[in-house]
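If you want the building blocks of each chain, they are given just below.
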There are 2 protein chains.
Amino acid sequence: AAPLLHGYFRSSCSWRVRIAFALKGIDYDQVPVNLIKDGGQQLTDQYKELNPMQQVPAVTIDGVTLSQSLAIIQYIEETRPGPALLPADPQKRAKVRMICDLIASGIQPLQNLYVLQKIGEDKVSWAQHFIIRGFVALESLLKETAGKYCVGDEISMADICLAPQVYNAERFKVDVDQFPTIKRLNQTLLALEAFSTSHPSCQPDTPADLRA
Amino acid sequence: AAPLLHGYFRSSCSWRVRIAFALKGIDYDQVPVNLIKDGGQQLTDQYKELNPMQQVPAVTIDGVTLSQSLAIIQYIEETRPGPALLPADPQKRAKVRMICDLIASGIQPLQNLYVLQKIGEDKVSWAQHFIIRGFVALESLLKETAGKYCVGDEISMADICLAPQVYNAERFKVDVDQFPTIKRLNQTLLALEAFSTSHPSCQPDTPADLRA
């Protein structure tokens, strides 16, 4: 059976997984989990069986269901052929993972839906604060590591994390022009088919008014 | 030269790296970065060169300086001999990484110093909320994956993440008895030399009144 992605069009972590599948050329099926409708479909007992954190994504693959987007992507990397998502050189791998973790631990968790619901009415300025703080650090790292892509001239998991985080930044009206390396890399990535076909603007569950 | 760890005795992410060095039997030097003193030594321009996120840890190793604890630990895993910190089986590796990322993206970032400083006076209840929410999910995952350790009977990066997060839970007065699998695994881990010698209570920068 094809892998089954339980995700949400606008979730940056779901988009990471869609990019990885697209880069590897893997067909998959999608089950939309609407994070807003019905008070949040991720909160059902049924979904909790798939991901006890009650977040998207979850992926059913090879008879198991995995959650946490970077764990899912590394499983795909380790079990599927196709273009490598991590460089062969250990120091370059470490740089890719530093960038991934800066985004996945240092930025995204602080501006995701669940946290912002708890913050309440200051949520936009809260999200902007943590995204800008993270992007200042990320811009400084990327100035050292980037070539055509985040780490040198080969695409990697770092790029898979970057574009969805820039998408979130733009949703929260962060001026990405402040970060020229991030902006340039994001433009390069969005021009790739693996990023455009997996984009939040064209998923099965994208509402009509948000479609590209 | 021996690896150089820039860390703080009580930082859970610094402790993760100390455990990895201890499990691998790697000698290293420590440079304490006091997160409280002088308004936070991680905020100096000098430290920002080592970790642009201005957080601990950072590790200087093999001529480069790396940040993000899980990226550091995987670099150690991929370049050093000694006991494996990830299982050989891809599905088990994925389970280890799920647990690591649940902690490193789903819990720790929401209760770290920087966020709590921004939360202000509600910081203890904020931290408890996110730790308990994460532990509910983690307990449910670990019930499926655990043997003697977090994933089966071999120690892994998941265990390296677990014990420091339980230490944080206890600092914030979370009742860990609610989570019997987490509690049992943590007790097993704390009895190991790699966890006791690297514990926050016995580091070079541990203040006298917090020493074990």
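Residues numbered from 1 in each chain as written. Chains lettered and ligands numbered in written order. Predicted model: local features only at pLDDT ≥ 70, side-chain atom pairs only at ≥ 80, totals over all residues. Heavy atoms only, no water.

Note on soluble globular proteins: their nonpolar side chains tend to be buried together. Grouped together as the largest cluster of nonpolar side chains are 129 residues, with contacts concentrated most on A:Leu162 and B:Leu162. Those residues in contact with B:Leu162, other than ones at most four positions away along the chain, are B:Ile103, B:Leu138, B:Leu142, B:Cys150, B:Ile182, B:Leu185, B:Asn186 and B:Leu189. (Core = buried A, V, L, I, M, F, W, Y, C linked by side-chain atoms within 4.5 Å. Buried < 20%, exposed > 50% of the residue type's maximum accessible area, 1.4 Å probe, protein only. Contact = heavy atoms within 4.5 Å.)

Before going further, it helps to spend a moment on the sheet that holds strand E2 (residues 29-32) of chain A. Within a sheet, neighbouring strands are paired by backbone hydrogen bonds and run either parallel or antiparallel to one another. Residue and element names in this part refer to chain A. Taken in spatial order, the four strands make up an open sheet running E2-E1-E3-E4, and their pairing is mixed. Where the open sheet ends on each side, the last strands, each with one partner, are E2 and strand E4 (64-67). Here the average twist between neighbouring strands, direction ignored, is 20°. Where strand E1 (residues 4-7) lies against E2, four bridges are found, and the strand directions are parallel. (Pairing = 2+ DSSP bridges. Helix = DSSP H or I, 4+ residues; strand = E, 2+ residues; numbered from the N terminus. Axes fitted to C-alpha atoms, helices over the stretch in contact; angles between N-to-C directions.)

This part covers the relation of the copies chain B and chain A. For the pair chain B and chain A, the relating rotation is 180°, the translation along its axis is 0.0 Å, and the fit reaches an RMSD of 0.0 Å. The superposition of one copy onto the other is thereby described by a two-fold rotation axis. Considering only C-alpha atoms, the part of chain B nearest the rotation axis is B:Ser105, at 2.2 Å. Here 100% of the contact residues of chain B are again contact residues in chain A; the copies associate through an equivalent surface. (Least-squares fit on C-alpha atoms with pLDDT ≥ 70 in both.)

All names here are of chain A. Taking 1.5 Å per residue as the helical rise, helix H4 (residues 90-106) with its 17 residues ought to reach 24 Å, and the 22 Å between its terminal C-alpha atoms agrees with that figure. The buried count for H4 comes to 13 of 17 residues, which makes it a mostly enclosed element. A distance of 3.2 Å separates the backbone nitrogen of glutamine 91 from a side-chain oxygen at the start of H4, and that oxygen is part of aspartate 89. (Expected span 1.5 Å × (residues − 1). Polar contact = N/O pair within 3.5 Å; in protein donor to acceptor, adjacent residues only side chain to side chain.)

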